[in-house]
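# Residue-level structural notes
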Amino acid sequence: MADIGVIGLSTMGGNLALNIERNKFKVAVYNRTYSRTENFMKQNGDKNIVSSEKLEGFVNLLSKPRKIIIMVVAGKPVDSVIEQLLNYLEKGDLIMDCGNSFFEDTERRAIMLEEKGIKFMGVGVSGGEEGALNGPSIMPGGSPEAWNDVKHILELISAKADDGRPCVDYIGPRGAGHYVKSVHNAIEYADMQLIAEAYDILRKVLKLQPQKIAQIFEDWNKGELDSYLIEITSKIFKKIDDKTQKPLVDIVLDKAAQKGTGKWTSQNALNLGAPIPAINSAVVERVISSMKEKRVIASKKLFSGVDEEKAKYSGSPEELIESVRKALYASKINAYAQGMELLLIASEEYKYNLNLGSIASLWRSGCIIRAKFLNLITQAYEEDPKLTNLLLYPYFTNKLKDNLADWRKVIQIAVGLGIPVPAFSSSLAYYDSYRSEFLPANLIQAQRDFFGAHTFKRLDADLNENFHAHWEDK
Ligand SMILES: NC(=O)C1=CN([C@@H]2O[C@H](COP(=O)(O)OP(=O)(O)OC[C@H]3O[C@@H](n4cnc5c(N)ncnc54)[C@H](OP(=O)(O)O)[C@@H]3O)[C@@H](O)[C@H]2O)C=CC1
Ligand SMILES: O=C(CO)[C@H](O)[C@H](O)COP(=O)(O)O
């Protein structure tokens, strides 16, 4: 009998099945479209893997209590697979939804399946094709009993950080695992947007070609920016298109797609009152990028107001490259600070009891946002589990102090030349707002009280008291 089953043999499910098998478990596989199963079995016939064309046959291949991973398109397909499985499962069996499901769907499914005596886990998995095969970062949510049933498997198949710790840990009840995966992806959106803005400045201000930009990212990857996303960015700039012999990146259409996790996180953060402007701007920029046709028309009609001669950068290219690096790192610190603060707020709202140090630790390897920098974030929360915001961790406070002048300079240059840098600038605005003792919200409260008698509080009175003024003499 097989130790565990995998449903869905596309990029992630197929590679996860191979990873589990390589770790000495017998795996049963099933896919809705049988030809995909047949292809998979043809390529992996020598492995300890069994398959079935029918779902019932697949379920019967599993030892009891059964453990089943679902790795299919998020949304209705997951409900459909669960509904079909319920015809064959017995009390005590465990379903793990390892796709990018919306956490509220996971909450609903957890309640429904618990009532039927079926254990359920919503498991975030990150690392793409390569990670699924060789070791992803895994974010399991659900009951602690279910976690105990599969801990040994997940620890074996997960990535390992430099200190040997597995990049998996129990995240929390019900939808906690998928919530954290969604925030992981939202941080990924911000990180990618920030890198894209750095690239845009390098190519538009300094007129650098892809080969040179590849070298810059390769150099950056040797320092504090060391991360998977910077590494693949350098590789992307090196790739030459077979058809045209030009850098492939220059031929890729500038429309960024999205599957939902970033948007869900922005929507949820607004609901929770959590400020995540770097993430929001990354989501919005993907939307604007997708309006290519409208942008092409507008590009011929709207003015930049830029005096090219006056705004032209005349300083040293090396200096600007270093300033962009510092601005990128400062913005990145702020984007992660926003994502981590969102986790803190959500943990309280949903009673997830999230351990931010453990989450940062399991993001250190295997996942798309893996980075040297996550060692520092892990250290920050391990030293102070009650840290309210990463910006207040002395290392980051001082790093930002060192990078601030370059950060402001780079944004000024970009804005002066009409180059959009929404993630760079919203990160800086977040930083400046967060550190402001006084914001102009006094005026907003006065306006609200003027038109709606919404009342206001006074700096010189008890904060439990509300005041209303007659703002004009009639
Ligand atoms: N690709 C990536 O880098 C990552 C993806 N994920 C998540 O993992 C999950 C799987 O992703 P990926 O491997 O890329 O594949 P896809 O998201 O492209 O999903 C394809 C799989 O879903 C199955 N499927 C689709 N609709 C149904 C349905 N109604 N009933 C049963 N099965 C269905 C397909 O079966 P069929 O062959 O019959 O069409 C196929 O096996 C998704 O939730 C994704 O968001 C998570 C991390 C990284
Ligand atoms: O989960 C992932 C990486 O961590 C998937 O690759 C996901 O599809 C990325 O999100 P999007 O498709 O919206 O860019």
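For the structure itself, look to the data block above.
Attention in this report is confined to the structure presented alongside it. Quick caveat, the model's predicted, so the values are computed rather than measured.

### Looking at the layout of surface pockets
The gaps left among the atoms become clear once a water-sized probe is rolled over them. Counted as a void, the largest pocket has a volume near 1,800 Å³. The wall of the largest pocket is formed by 46 residues, among which Ala-196, Tyr-199, Arg-203, Asp-254 and Ser-289 lie closest to the centre. Counting residues per element, the ones that place at least two in the lining of the largest pocket are α8 (176-205), α10 (228-238), α12 (277-290) and α13 (292-301). Counting residues per element, the lining of the largest pocket draws most heavily on α8, which supplies eleven residues. Split into classes, the residues belonging to the lining of the largest pocket amount to 27 nonpolar, six polar and 13 charged. Here the second largest pocket is characterised by a volume of approximately 1,300 Å³. Lining the second largest pocket are 41 residues; nearest its centre among them are Met-12, Val-72, Val-73, Ala-74 and Lys-259. With five residues, the top contributor of residues to the lining of the second largest pocket is α8. Of the residues belonging to the lining of the second largest pocket, the class tally is 18 nonpolar, 16 polar and seven charged.

### Considerations on the site of ligand 2
Every residue near ligand 2 is listed here: Asn-100, Ser-126, Lys-181, His-184, Asn-185, Glu-188, Tyr-189, Gln-258, Lys-259, Arg-286 and Ile-368. Within the side chain of Glu-188, one N or O atom sits 2.8 Å away from an oxygen atom of ligand 2. One nitrogen or oxygen atom from the main chain of Lys-259 is found 2.7 Å from an oxygen atom belonging to ligand 2. Starting from 370 Å² of accessible surface for ligand 2 in isolation, the protein chains cover 75%. Sort the elements by how many residues they give to the shell around ligand 2 and α8 lands first, with five residues.

### What to know about the sheet that holds strand β6 (residues 119-126)
Each strand in a sheet pairs with another by means of backbone hydrogen bonds, the pair being arranged parallel or else antiparallel. The seven strands are arranged β3-β2-β1-β4-β5-β6-β7 in an open sheet whose pairing can be described as mixed. Edge positions in the open sheet fall to β3 (49-51) and β7 (137-142), since each of these has one partner strand only. The mean angle between the axes of side-by-side strands here comes to 25 degrees, regardless of whether they run parallel or antiparallel. When strand β5 (residues 94-97) meets β6, the two strands line up parallel, connected through four bridges. Considered in β6, the bridge of Asp-97 is made with Gly-122. Set on the sheet, helix α4 (residues 76-85) makes contact with β1 (4-7), β4 (67-70), β5 and β6; between it and β4 the angle comes to about 155 degrees. Sheet contacts for α8: β5, β6 and β7; angle to β6, the most-contacted strand, approximately 15 degrees.

### A look at the pairing of β4
Alternating positions in β4 separate into two faces, Lys-67 and Ile-69 on one and Ile-68 and Ile-70 on the other, with burial throughout. As paired strands, β1 and β4 are joined by three bridges and run parallel to one another. In the sheet register, Val-6 faces β4, and the bridge partner there is Ile-69. The pairing of β4 with β5 spans four bridges and is classified as parallel. If you follow Ile-70 over to β5, its bridge partner there is Asp-97.

### Here's the deal with unusual backbone geometry
Backbone torsion omega between Lys-64 and Pro-65 reads -10 degrees, so that peptide bond is classified as cis. Within the secondary structure, Pro-65 sits in the loop between α3 (55-60) and β4. For Lys-207, which is not glycine, the phi torsion reads 55 degrees and is therefore positive. Tracing the backbone through its elements, the reader meets Lys-207 in the loop between α8 and α9 (210-220). The phi torsion at Ala-453 lies on the positive side, around 50 degrees, for a residue other than glycine. When you line up the elements, Ala-453 lands in the segment after α20 (441-452). Accessibility expressed as a relative area gives 44% for Ala-453, which makes it partly exposed.

### Some remarks on α20
Because each turn of an α-helix spans 3.6 residues, side chains separated by three or four positions end up pointing in the same direction. A rise of 1.5 Å per residue sets the reference length of α20, with its twelve residues, at 16 Å; its end C-alpha atoms lie 16 Å apart and thus fit the reference within 8%. Once α20 ends, the next one or two residues include Ala-453, with phi positive near 50 degrees.

Parameters at a glance
Residues numbered from 1 in each chain as written. Chains lettered and ligands numbered in written order. Predicted model: local features only at pLDDT ≥ 70, side-chain atom pairs only at ≥ 80, totals over all residues. Heavy atoms only, no water. 1 Å grid on protein atoms, 1.4 Å probe; cavity = no way out; pocket = protein on both sides within 12 Å on 5 of 7 lines; lining within 4 Å. Points joined across faces, edges and corners; volume = space filled by probe spheres on them. Helix = DSSP H or I, 4+ residues; strand = E, 2+ residues; numbered from the N terminus. Nonpolar A, V, L, I, M, F, W, Y, C, P; charged D, E, K, R; others polar. Near = heavy atom within 4 Å. Polar contact = N/O pair within 3.5 Å; in protein donor to acceptor, adjacent residues only side chain to side chain. Areas by Shrake-Rupley, 256 points an atom, 1.4 Å probe, with all protein chains shown as cover. Pairing = 2+ DSSP bridges. Axes fitted to C-alpha atoms, helices over the stretch in contact; angles between N-to-C directions. Contact = heavy atoms within 4.5 Å. Buried < 20%, exposed > 50% of the residue type's maximum accessible area, 1.4 Å probe, protein only. Expected span 1.5 Å × (residues − 1).

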